[in-house]
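Take a look at the letters that make up each chain.
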Amino acid sequence: MRSQSILPVLMAAAIGHTVAQEEERVTGELGDAQIVSGNPPGLVYEAVLPEEPWASGLSMQGNVKGSIVAASAPDGVGVEFRVRFSNLPTSDGLLSYHLHAAPVPEDGNCTQTLAHLDPYIRRGSPPCDASAPETCEVGDLSGKHGLIDPAGGAFEAVYVDEFASLIEGQGAFFGNRSFVLHLASDLTRVTCANFVL
Ligand SMILES: *[C@@H]1O[C@H](CO)[C@@H](O)[C@H](O)[C@H]1NC(C)=O
Ligand SMILES: *[C@@H]1O[C@H](CO)[C@@H](O)[C@H](O)[C@H]1NC(C)=O
Ligand SMILES: [Cu+2]
């Protein structure tokens, strides 16, 4: 008897959930990001954070150290990212990081890297749904693969992003661009670096 009375409630809840998810699906003006296959085997780019802080009023003990190594995935489908940061600021909450559209200029100014790498014109708001990464900005690495909890001061992650490209000429190509590390709370740009082959 009990199960009979509860079943309609469960069904209604499930249907309501599905409808809500469909209504909220936000993707790019040019549609979902396409999975990139054919990334050339053995190709490796690296972005190493600078020694000198690009500081923006943060009370940091020296600069964040670290790098992102980006290599073609073994099967060519997407790019494998190896992310390592240390000396992270521990008093400003979570951190985010993204591939940005423009490179860092000579003077190290992270503002000049412009916005996220976003070839499908999705934009950063509302936040990316990590369970549907094809709907996210290609450059929103922490949106798709996780924010940084700086507790302990260090962070490491290894993952494949299927939508990033190491094929020159494609919109999702980032080998001539940069990444930026931000405070997740207000998007303050903490530090940034260029990818180099
Ligand atoms: C960095 O670039 C931005 C945008 O061009 C500019 O407003 C800002 O003054 C620059 N900051 C520094 C420290 O040069
Ligand atoms: C980087 O390369 C892409 C594709 O090859 C190109 O469209 C873009 O303009 C380049 N960006 C910069 C900042 O050089
Ligand atoms: Cu960013």
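Attention in this report is confined to the structure presented alongside it. All figures in this text were calculated on a predicted structure; none of them were measured in a lab.

Side note on the overall build of the chain
And then number 1: When you go through the chain residue by residue, the secondary structure sums to 2 helices and 7 strands.
And then number 2: Starting at the N terminus, the α and β elements of the chain follow one another as α-β-β-β-β-α-β-β-β.
And then number 3: Counting the 197 residues in the chain, one finds 41% classified as buried.
And then number 4: For the chain, the proportion of contacts with a sequence separation of at least 24, taken over those separated by at least 6, is 66%.
And then number 5: Of the roughly 10400 Å² that the chain leaves accessible, carbon and sulfur atoms contribute 56%.

Considerations on the side chain of Asp 161
And then number 1: Take Asp 161: it is sitting in strand E5 (residues 155-161).
And then number 2: Here Phe 163 takes part through its backbone nitrogen, which lies 2.9 Å from a polar atom of the side chain of Asp 161.
And then number 3: Look past the residues within four positions of Asp 161 in its chain and what remains in contact with it is Gly 78, Val 79, Phe 81, Leu 141, Lys 144 and His 145.

So, the pairing of strand E3 (residues 79-86)
And then number 1: Covered by surrounding structure in E3 are Val 79, Phe 81, Val 83 and Phe 85 only, the residues Glu 80, Arg 82, Arg 84 and Ser 86 on the alternate face being uncovered.
And then number 2: Both strand E2 (residues 65-72) and E3 contribute to a ladder of 8 bridges, which runs antiparallel. Bridge pairing in E3 places Ser 67 opposite Arg 84.
And then number 3: The turn linking E2 back onto E3 is made up of 6 residues, and Gly 76 within it adopts a positive phi angle of 80 degrees.
And then number 4: Looking at chain direction, E3 and E5 are connected through 7 bridges and run antiparallel. The residue of E5 that forms the bridge with Arg 82 is Val 158.

A few points about the side chain of Lys 144
And then number 1: Within the secondary structure, Lys 144 sits in helix H2 (residues 141-145).
And then number 2: The class for Lys 144 is buried, based on a relative accessible area of 9%.
And then number 3: If sequence neighbours within four positions are ignored, Lys 144 has contacts with Cys 128, Ala 130, Pro 133, Cys 136, Glu 137, Val 138, Asp 161 and Phe 163.

Observations concerning the coordination of the copper ion (ligand 3)
Perfect tetrahedral coordination of a metal by four donors corresponds to 109.5 degrees between them, and perfect octahedral coordination by six donors corresponds to 90 or 180 degrees.
And then number 1: The coordination sphere of the copper ion (ligand 3) contains the protein donors His 98 (ND1), His 100 (NE2) and His 182 (NE2), at a distance range of 1.9 to 2.0 Å.
And then number 2: Every donor residue of the copper ion (ligand 3) comes from the same chain, spaced as H-x1-H-x81-H. Within this pair, whereas His 98 is found in strand E4 (residues 95-100), its partner His 182 is found in strand E6 (residues 178-183), the two being separated by 84 residues in sequence. Of the two residues examined, His 98 and His 182, each falls in the buried class.

Some remarks on the site of ligand 2
And then number 1: Taken together, Pro 103, Glu 168, Gly 169, Gln 170, Phe 173, Asn 176 and Arg 177 make up all the residues around ligand 2.
And then number 2: One of the backbone N or O atoms of Gly 169 is found 2.7 Å from an oxygen atom in ligand 2.
And then number 3: Here an oxygen atom of ligand 2 and a side-chain polar atom of Asn 176 are 2.4 Å apart.
And then number 4: Look at ligand 2: alone it shows 360 Å² of surface, and the protein chains cover 52% of it.
And then number 5: For the shell around ligand 2, the class distribution of residues is 2 nonpolar, 3 polar and 2 charged.

Points about the environment of Ala 184
And then number 1: Here Ala 184 shows up in the loop between E6 and strand E7 (189-194).
And then number 2: Along the sequence, Ala 184 and Tyr 97 sit 87 residues apart, while their C-alpha atoms lie 8.5 Å from each other.
And then number 3: When neighbours within four sequence positions are excluded, Ala 184 is seen to be in contact with Leu 94, Leu 95, Ser 96 and Leu 147.

Thoughts on the site of ligand 1
And then number 1: Close to ligand 1 lie Trp 54, Asn 109, Thr 111 and Gln 112.
And then number 2: Contact distances for ligand 1 include 2.3 Å between an oxygen atom and a side-chain N or O atom of Asn 109.
And then number 3: Contact distances for ligand 1 include 3.3 Å between an oxygen atom and a side-chain N or O atom of Gln 112.
And then number 4: A total of 360 Å² of accessible area belongs to ligand 1 in isolation, and the protein chains cover 33% of it.
And then number 5: Of the residues assigned to the shell around ligand 1, the class counts are 1 nonpolar, 3 polar and no charged.

Scoring rules and cut-offs
- Residues numbered from 1 in each chain as written.
- Chains lettered and ligands numbered in written order.
- Predicted model: local features only at pLDDT ≥ 70, side-chain atom pairs only at ≥ 80, totals over all residues.
- Heavy atoms only, no water.
- Helix = DSSP H or I, 4+ residues; strand = E, 2+ residues; numbered from the N terminus.
- Buried < 20%, exposed > 50% of the residue type's maximum accessible area, 1.4 Å probe, protein only.
- Contact = heavy atoms within 4.5 Å.
- Areas by Shrake-Rupley, 256 points an atom, 1.4 Å probe, with all protein chains shown as cover.
- Polar contact = N/O pair within 3.5 Å; in protein donor to acceptor, adjacent residues only side chain to side chain.
- Pairing = 2+ DSSP bridges.
- Donors = N, O, S within 2.8 Å, 3.2 Å for Na, K, Ca; no water.
- Near = heavy atom within 4 Å.
- Nonpolar A, V, L, I, M, F, W, Y, C, P; charged D, E, K, R; others polar.

Everything listed is a geometric property; what it means functionally is a separate question.
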